[in-house]
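Structural overview for review
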Amino acid sequence: MDHAPSRPALHDCRDAFISVLERLAAENGKIVAVCNDSVGSSKLGGFKEKWPERLVNVGIAEQTLVGVGAGLANGGLLPFVCGAACFLTGRSLEQIKADIAYSNANVKLVGISSGMAYGELGPTHHSIEDFAWMRVLPNLPIVAPCDSIETAAAVEWAAAYDGPVFLRLSRVGVPDLLPAGHRFTLGKADLLRDGDAVTLIANGTVTHRIVKAAEILAAKGVEARVLNMASVRPLDVEAVVAAARETGAILTAEEHSTIGGLGSAIAEVVVAEAPVPMKILGVPGIFAPTGSAEFLLDEFGMSPAAIADAALALISRATSRAA
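Only a predicted model underlies this, so the values are computations on that prediction, with no experimental measurement involved.

**Focus: the overall build of the protein chain**
When you go through the protein chain residue by residue, the secondary structure sums to 12 helices and 12 strands. Here the C-alpha radius of gyration of the protein chain, 19 Å, is about what a compact globule of 323 residues would show, namely 20 Å. Contacts in the protein chain between residues far apart in sequence, at least 24 positions, make up 77% of those at least 6 positions apart. Accessible surface, the protein chain as shown: approximately 13200 Å² in total, 53% of it carbon and sulfur. Charge-centre separation for the protein chain: the mean point of 26 positive side chains lies 2 Å from the mean point of 35 negative side chains.

Here's what the structure looks like:
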């Protein structure tokens, strides 16, 4: 009897986030959580039960959310400020700029349900501008883990890092890609697959899609390099330059607008250091419509098959350019 191939287990990165946060909070009494009426979506229910005095729920008031987090940090505590990414970044950008980044406050901003994870709620709840808004701010590392293993490692790193951090997490289940025990290093990309024909770069929920795209390409005799670029700021410039010089073409894919996000950050490096043909996949500068995150990613050309096709077209363009 034929059996369908087993599908990898999908993991909600919020589970890894709260598991590590609770473990660290048990060891460090200075860790506190701040949320905007988002105890459930931030999965802070267990934290609240264990340490009710260490959870501050400001209600639907994101500017207050960030201000309270900055005040707690100034008082010597270690706040993890949690909220839906679209509201945490959009509604409180001034406070993030002045109270967190400019003040270099030791606050960990955790954007929950990022990208198009709230897909059925439509454009008001999509967070496809946050990379662009946040990466222009000095002093603020931006991290978008690709799976639950990297999420756990990034939370561990963020708690030990002296300064502000923006951690971008989705609620959409993804397969684990990185090995158990992985340690997150700020500004360092993960090489998931080597190749010399083209480089595919993504982060967050899209990384597993470019891994599958690379498998499709390999079946056609095309070996693609695959980089997981969780660190959006600072970027792994060395890995980007090496990819450009050694593979001759770079394709990026992200759950974000094509304007100002991961692809734009990589293009800034490529144009200055090693110009090669590029393709940036994402939401093409429009308000993404209503629909599940999976549907919308496919609709915007980020199914594994579509990514593979885009990579082949890019390789053809790069080959014609070199001729």
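Next comes the rest of the write-up.
**Details of the pairing of strand E12 (residues 278-283)**
One ladder, built from five bridges, connects strand E11 (residues 250-257) with E12; its direction is parallel. Opposite Ala253, over in E12, you have Leu281 as the bridge partner. This β-α-β element, E11 to helix H10 (residues 262-273) to E12, shows right-handed connectivity.

**Here's the deal with the packing of helix H9 (residues 237-247) against H10**
Helices that pack against each other are described as a pair by the angle of their axes relative to one another and the distance between those axes. One way to put it is that H9 packs onto H10 with a least axis distance of 10 Å and a crossing angle of 60°. Looking at the two axes, H9 sits oblique to H10. Seen along the crossing, H9 lies across H10 with a hand that is right-handed. Listed contacts from H10 to Val237, Val240, Val241 and Arg245 of H9 are Ile266, Val269, Val270 and Glu273.

**Some thoughts on the packing of aromatic side chains**
Applying the stated rule across the entire model yields three aromatic pairs. Look at Trp157 and Phe184: their rings are 5.2 Å apart centre to centre, the planes differ by 65°, and that puts the pair in the edge-to-face class. Placement of Trp157 in helix H7 (residues 148-160) and of Phe184 in the loop between strand E6 (165-168) and strand E7 (190-193) is noted, with a sequence separation of 27 residues between them. Residue Trp157 is classed as buried on the basis of its relative accessible area of 16%. By relative accessible area, which is 9% here, Phe184 ends up buried. Grouped by ring-pair contacts, the aromatic residues Trp157, Tyr161 and Phe184 constitute a single cluster.

About the cut-offs
- Residues numbered from 1 in each chain as written.
- Predicted model: local features only at pLDDT ≥ 70, side-chain atom pairs only at ≥ 80, totals over all residues.
- Heavy atoms only, no water.
- Helix = DSSP H or I, 4+ residues; strand = E, 2+ residues; numbered from the N terminus.
- Rg over C-alpha atoms; globule rule 2.2 N^0.38 Å.
- Contact = heavy atoms within 4.5 Å.
- Areas by Shrake-Rupley, 256 points an atom, 1.4 Å probe, with all protein chains shown as cover.
- Lys, Arg positive; Asp, Glu negative; His and termini not counted.
- Charge placed at Lys NZ, Arg CZ, Asp CG, Glu CD.
- Pairing = 2+ DSSP bridges.
- Right-handed = clockwise from strand over helix to strand, strands pointing away.
- Axes fitted to C-alpha atoms, helices over the stretch in contact; angles between N-to-C directions.
- Parallel < 35°, antiparallel > 145°, perpendicular 65-115°, else oblique.
- Left-handed = near helix turned anticlockwise from the far one by under 90°.
- Phe/Tyr/Trp six-rings, centres within 6.5 Å; stacked < 30°, edge-to-face > 60°.
- Buried < 20%, exposed > 50% of the residue type's maximum accessible area, 1.4 Å probe, protein only.

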